[in-house]
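# Structural overview for review
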Amino acid sequence: MRPHPSFPSPIAHPSPGRGDATTQKTLLLRGRGFPLSRLGGVRWERGPGGEVRAVGLLLLLFLLPLPARAADRIVIGSKNFEESRLLAEMFAQLLEARTGLAVERRLGLAGTQVCFEALKTGSIDVYPEYTGTGLVSILNEKAAGDATATLRRVRAEFLSRWDLWWLAPLGFENSWEIAVPQELAEREKLRTISDLARISGRLRGGFGHEFVGREDGLLGLERTYGLRFASVQPLQQALQYQAAGDRRIDAMDAYTTDARLLRYHLVVLDDDKHFFPPYDAAPLVRGATLARHPEVGTVLGLLAGAFDEDRMRALNFRLQEKGESEAVVARDALRELGLINKVETAPEEARPASGLLATFWAERRAIGRRTLEHLTLSALALALGILVSIPLGLLLERTRRGAETVIRLLGLFQTVPSLALLAFFVPFLGIGIVPALAALWLYALFPMVRNTYTGVRDADPRAVEAATALGMTPGQVLRLVRLPLAAPVILAGIRTAAVITVGTATLAAFIGAGGLGEPIVTGLQLANTNLILSGAIPAAALALLVDGALGWVERALRPAGLEIRR
Amino acid sequence: MPAPALETTAVSKTYPDGTAALADVSLAVAAGETVALVGESGSGKTTLLRMFNRMAEPTSGTVRVEGLPVAEADPFALRRRIGYVPQDGGLLPHWRVQKNVELVPRLLGWDAMRRRERAREMLELVGLSAAVHAGRYPAELSGGQRQRVAFARALAADPPILLLDEPFGALDTLTRHELHRQFLDLRARLPKTMVLVTHDLGEAFRLADRIGVMRRGRLLQLGPAEELRERPADPYVRELLE
């Protein structure tokens, strides 16, 4: 095992004066969210058991439920791939076993940007990060120097810029590698990436979405080695291996510790020009959290140097190939290290990947909880959307000037990919249901504003004219004539928005908002089809149900006289 | 001599683009009198009609209703005292006939009992059966029935003045004649001041005391049928009557 730069004892940091100020600020912030859970019987709280209770939906409409966070709660995040989830799960179990802190998991957040913003804004307290990613993706610096120099660099910068702390590295490196099918490597005598560059014009690349767009990913790699692939296809990580195994792609990005390299008979090529920086895994923690709970640093420090690449690959193998849950694998790993000994009750997430029905049965409680989360999130976003879009539609109809422009602008949001819109709010609103609500809300506005506007504008002009001429005030005309006549059109807009919202809400899991997207996201990361379906099927059913229910409301509220045709 | 029920003095209306909808129109309608305004489409007859209930405002000149300038009146109170029947009835499609007829009494805050009584009375007055028709929606009625309901609605609050904008225009000939007959019958029983806009000269002759001929925003002549026939003040009027 490679020696690692030692981390100064976390207990000694940060300095007391600074720590106090931060603590106070944090407590003030934290204090805001909590009492909401007491008001009006409303609870949106993910306890250690992962339970969510949402009671009093109606009251929720008026109380924007900030994620409730008690002061002694530690939120652990992870990125959306197995190893990150596993490390985060280990952090969580270790903290649960060794401290009295309540631990909340926000695993599978959509990539580095979302995780880092969530950490900066305090939505999460800690997540596993890699030094190379910190250097290149977050600091936007060029790779330079060895592991020690890289760690020193990110430590200094993260501390001074954001009061974020890199704890002692965990002992293994998970660098980016370029992998090719073994058969291809042997036939073409490929040993290094330079060898690959020779024949890249004949090859098809299949790379992760993040890798394709990153300067420390494909962009820089192509420049450094003069790579020119015949085609480059962005793929979900889990699909890359299958594609490479089936020889539908010839080269892909992979991680050092990925167990699937073995299963799909892939070999990694030597990075002979040292393009990829060292990627040492380490916990990245908020200074404010360490000041408040120094034991977090101490306990996570126990993992320093605990894993090498082989051990990590073995653990990843259990996740990736055996379909074991990260909760089980993390528990075994910690016990093997002698860091926990108590045998805990089987975690809820333990999922034996057998048939679809078995998965549904095993997941039934989780499915129920997620459906409730999903419904609550969608209903809230829709309700907030209705509160804004109907008055806005009426206002636009009244002023007319600029109405088309405003509606077209709202329509523009519809063209933003949902995931991008969700991620857009993370820097301002952190992660969880608040940014998800914001994005879903914005998505829901367009059909409702447009339909309110056109519905009221086009309401039977002869009836409106007569009602006015007989002495109705504009308010009476609106209330008694135009709104009732526009009701079917407005409701059709609400119905469209509701279906969009329920569908898009599955993506909210990417920013930690829970819901039925959660098993979809996890399933995608674990290439577990049954798990994906355990989210996708209820989500589709929910969308159909909502559509049907609103269709019924639409017919019920349609003014009676409009139905009759002689 | 009492003030005319309806009166315009040198009323003009010019649109921002310079077209004149009305040019210097002065007329007076005595209480209880029926005046028909005839002319081609775009002659300004509907615009003139809409001046009386402030559905249109003049650019210059004065419009008076029962001696008072409408510009000083509250438009909603004014409109509730003036009955109005448009060409297509303008019934609210989502309200039953009963409720449609009750519209102005509702706005005036009559209690429910009085409203209902009144609505039934009005329906019978215009030749509909309250028992049969009161519970129907406008879409369940024929065109002629809808116009009758529109008349019932205009009369419900017993306004002294009725403004009729081609009320028989969209009906077939037989229905129109039937409604003409009933109109005259009604007129004999209810002393209302009425302005009737029509493009049908025969209708104007049959239903009105005096006829105003309009062309390009001007009132060319206003008088009883014989006067128009015998002493046309304008070649257009003569041509029209031949």
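The shown structure was predicted, so the numbers you read here are calculated from the model rather than taken from an experiment. (Residues numbered from 1 in each chain as written. Chains lettered and ligands numbered in written order. Predicted model: local features only at pLDDT ≥ 70, side-chain atom pairs only at ≥ 80, totals over all residues.)

## What about the overall build of chain A?
As a reminder of what qualifies: Helix and strand labels come from DSSP, where a helix needs a run of H or I of at least four residues and a strand needs a run of E of at least two; each type is numbered from the N terminus. Think of it as a crowd count around each C-beta: if 20 or more other C-beta atoms lie within 10 Å the residue is buried, if 12 or fewer it is exposed, and in between it is partly exposed, with C-beta placed from the backbone throughout.
Summing up its helical and strand segments, chain A has 25 helices and ten strands in all. For chain A, with 566 residues in total, the buried portion stands at 48%.

## Quick word on the overall build of chain B
Applicable threshold: This entry defines residue contacts through backbone-placed C-beta atoms, with two residues in contact when those atoms are within 7 Å.
Of regular secondary structure, chain B possesses eleven helices and ten strands. When burial is assessed residue by residue, chain B has 45% of its 242 residues classed as buried. Within chain B, contacts between residues separated by at least 24 positions form 67% of all contacts whose residues are at least 6 apart in sequence.

## Remarks on the environment of Ala233(B)
In this fold, Ala233(B) is placed in the loop between helix H10 (225-230) and helix H11 (235-241). With residues up to four places along the chain from it excluded, the contact list for Ala233(B) reads Leu220(B) and Gln221(B).

## Focus: the packing of helix H19 (residues 403-415) of chain A against helix H21 (residues 433-457) of chain A
All names here are of chain A. The condition is simple: Lines fitted to the C-alpha atoms define the axes, with helices restricted to the stretch that makes contact. Angles between their N-to-C directions range from 0 to 180 degrees. If you view the pair so one helix is near and one far, a crossing is left-handed when the near helix is turned anticlockwise from the far one by less than a right angle, and right-handed when it is turned clockwise. Gly is placed with the polar residues, together with every amino acid not listed as nonpolar (Ala, Val, Leu, Ile, Met, Phe, Trp, Tyr, Cys and Pro) or charged (Asp, Glu, Lys and Arg).
Closest axis-to-axis distance for the H19/H21 pair is 8 Å, and the angle between their directions is 150°. Considering how the two elements wind past one another, H19 and H21 form a crossing that is left-handed. Contacts between H19 and H21 involve Ala403, Ile407, Leu410, Gly411, Phe413 and Gln414 from the first element and Leu442, Tyr443, Leu445, Phe446, Val449, Arg450 and Tyr453 from the second. Class assignment for the residues of the contact of H19 with H21 results in ten nonpolar, two polar and one charged.

## A word on the environment of Asp165(B)
All names here are of chain B. With respect to the secondary-structure elements, aspartate 165 resides in strand E7 (residues 161-165). Exposure remark for aspartate 165: the 24 C-beta atoms within 10 Å place this residue in the buried category. C-alpha separation for the pair aspartate 165 and threonine 198, spaced 33 residues apart in sequence, amounts to 7.0 Å. The contact partners of aspartate 165, leaving out residues within four places of it in the chain, are Thr46, Leu49, Val85, Pro86, Gln87 and Val197.

## Focus on the interface of chain A and chain B
Interfaces are frequently sized by the accessible area removed from exposure as the parts join. Counting residues at the interface gives 21 residues for chain A, matched by 21 residues for chain B. Only helix H22 (461-469) and helix H23 (474-504) of chain A provide two or more residues apiece to the side of chain A that touches chain B. Considering each element in turn, the side of chain A that touches chain B owes the most residues, six residues, to H22(A). Across the side of chain A that touches chain B, the residue classes break down as 13 nonpolar, three polar and five charged.

## A word on unusual backbone geometry
Backbone geometry at Arg247(A) places phi at a positive 60°, although glycine is not the residue there. Relative to the elements of secondary structure, Arg247(A) occurs in the loop between helix H11 (237-245) and strand E8 (251-255). Judged by the 11 C-beta atoms lying within 10 Å of it, Arg247(A) is exposed. Of note in the backbone geometry, Asp24(B) takes a positive phi value of approximately 55° without being a glycine. As for its placement among the helices and strands, Asp24(B) is situated in strand E2 (residues 20-29). Owing to 15 C-beta atoms within 10 Å, Asp24(B) belongs among the partly exposed residues under this scheme.

## A look at the sheet that holds E2(B)
Residues and elements named next belong to chain B. Going by this rule: Should DSSP find at least two bridges between two strands, the strands are taken to pair.
If you walk across this open sheet you meet the four strands as E2-E1-E4-E5, and the pairing is antiparallel. Edge positions in the sheet fall to E2 and strand E5 (68-69), since each of these pairs with one other strand and no more. Where strand E1 (residues 6-14) meets strand E4 (residues 60-65), five bridges bridge the pair, whose relative direction is antiparallel. Within E4, the position partnered with threonine 9 by the bridge is threonine 62.

## A word on helix H6 (residues 147-162) of chain A
Residue and element names in this part refer to chain A. This is how it is decided: Each helix should span, by expectation, one fewer than its residue count multiplied by 1.5 Å. In this context, the arc is that of the directions from the helix axis out to the C-beta atoms.
Taking 1.5 Å of rise per residue, 16 residues should cover 22 Å, and H6 covers 22 Å from first to last C-alpha, within 8% of that figure. Within H6, the full set of buried residues consists of Thr150, Leu151, Val154, Arg155 and Phe158. One face of H6 carries all of its buried residues, which in axial projection span an arc of 130°. Opposite the buried face of H6, at more than 90 degrees from it, the exposed residues are Ala156 and Ser160. Contacts made by the buried residues of H6 are with helix H5 (131-138) and strand E4 (164-166). Looking one or two residues past H6, aspartate 163 carries a phi angle of roughly 55°, positive in sign.

## Concerning the sheet that holds strand E9 (residues 266-269) of chain A
Residue and element names in this part refer to chain A. What the five strands build is an open sheet, ordered E7-E6-E8-E5-E9; its pairing is mixed. In this open sheet, the two edge strands, each paired with only one partner strand, are strand E7 (231-235) and E9. Averaged over neighbouring strand pairs, the angle between their axes works out to 35° when direction is ignored. Sheet topology note: the strand E6 (residues 204-208)/E8 ladder contains two bridges and is parallel. In the sheet register, glycine 205 faces E8, and the bridge partner there is alanine 251. The strands touched by H11 within the sheet are strand E5 (176-181), E6, E7, E8 and E9, with E6 carrying the most contacts at an inclination of about 155°.

## Looking at the pairing of E7(B)
Residues and elements named next belong to chain B. How we decide: A crossover counts as right-handed when, viewed with the strands pointing away from the observer, the path leading from the first strand over the helix to the second turns clockwise.
Within E7, five of the five residues are buried, leaving the element largely enclosed by the surrounding structure. On E7, burial covers both faces: Ile161, Leu163 and Asp165 on one face and Leu162 and Leu164 on the other are all buried. As paired strands, E7 and strand E8 (residues 193-198) are joined by five bridges and run parallel to one another. Residue leucine 163 lies in a different strand from E8, and its bridge partner there is valine 195. Taken together, E7, helix H8 (residues 173-189) and E8 constitute a β-α-β crossover, and its handedness is right-handed.

## As for the nonpolar core
Worth spelling out the cut-off: Note on terminology: a nonpolar core is any set of buried Ala, Val, Leu, Ile, Met, Phe, Trp, Tyr and Cys residues joined through C-beta atoms within 7 Å.
One finds Phe91(A), Ala436(A), Ala444(A), Ala508(A), Ile511(A), Phe52(B) and Val195(B) to be the most contacted residues of the largest nonpolar core, which totals 184 residues. Non-local contacts of Ile511(A), meaning those with residues more than four positions away in its chain, are made with Leu109(A), Ala110(A), Val114(A), Leu422(A), Ala423(A), Val426(A), Ile431(A), Pro435(A) and Ala436(A). In terms of nonpolar packing, the next biggest core, distinct from the first, is built from 26 residues, Leu196(A), Tyr225(A), Leu227(A) and Leu235(A) among them.

## Topic: the packing of helix H3 (residues 82-98) of chain A against helix H14 (residues 294-301) of chain A
Residues and elements named next belong to chain A. Contact geometry of H3 with H14 gives a least axis separation of 10 Å together with a crossing angle of 115°. In this structure, H3 crosses over H14, and the sense of that crossing is right-handed. Residue-level contacts link Phe91, Leu94, Leu95 and Arg98 of H3 to Val296, Val299 and Leu300 of H14.

## Points about the confidence of the model for chain A
Selection criterion: As a per-residue measure, pLDDT tells how confident the predictor is, with possible values from 0 to 100.
Confidence in the prediction for chain A averages 81 pLDDT; 84% of positions are at 70 or higher. Low pLDDT (under 50) marks residues 1-70 of chain A, which in the prediction has 108 contacts with non-local residues, meaning those over four places away or in another chain.

## Quick look at the confidence of the model for chain B
Residues with a pLDDT of 70 or more make up 100% of chain B, whose mean pLDDT is 92. Overall fold confidence for the complex sits at a pTM of 0.68, while the interface term, ipTM, reaches 0.93.

## Considerations on the environment of Phe424(A)
Residues and elements named next belong to chain A. Within the secondary structure, phenylalanine 424 sits in helix H20 (residues 418-429). Judged by the 15 C-beta atoms lying within 10 Å of it, phenylalanine 424 is partly exposed. Counting along the chain gives 14 residues from phenylalanine 424 to alanine 438, while the straight-line C-alpha distance between them is 10.0 Å.

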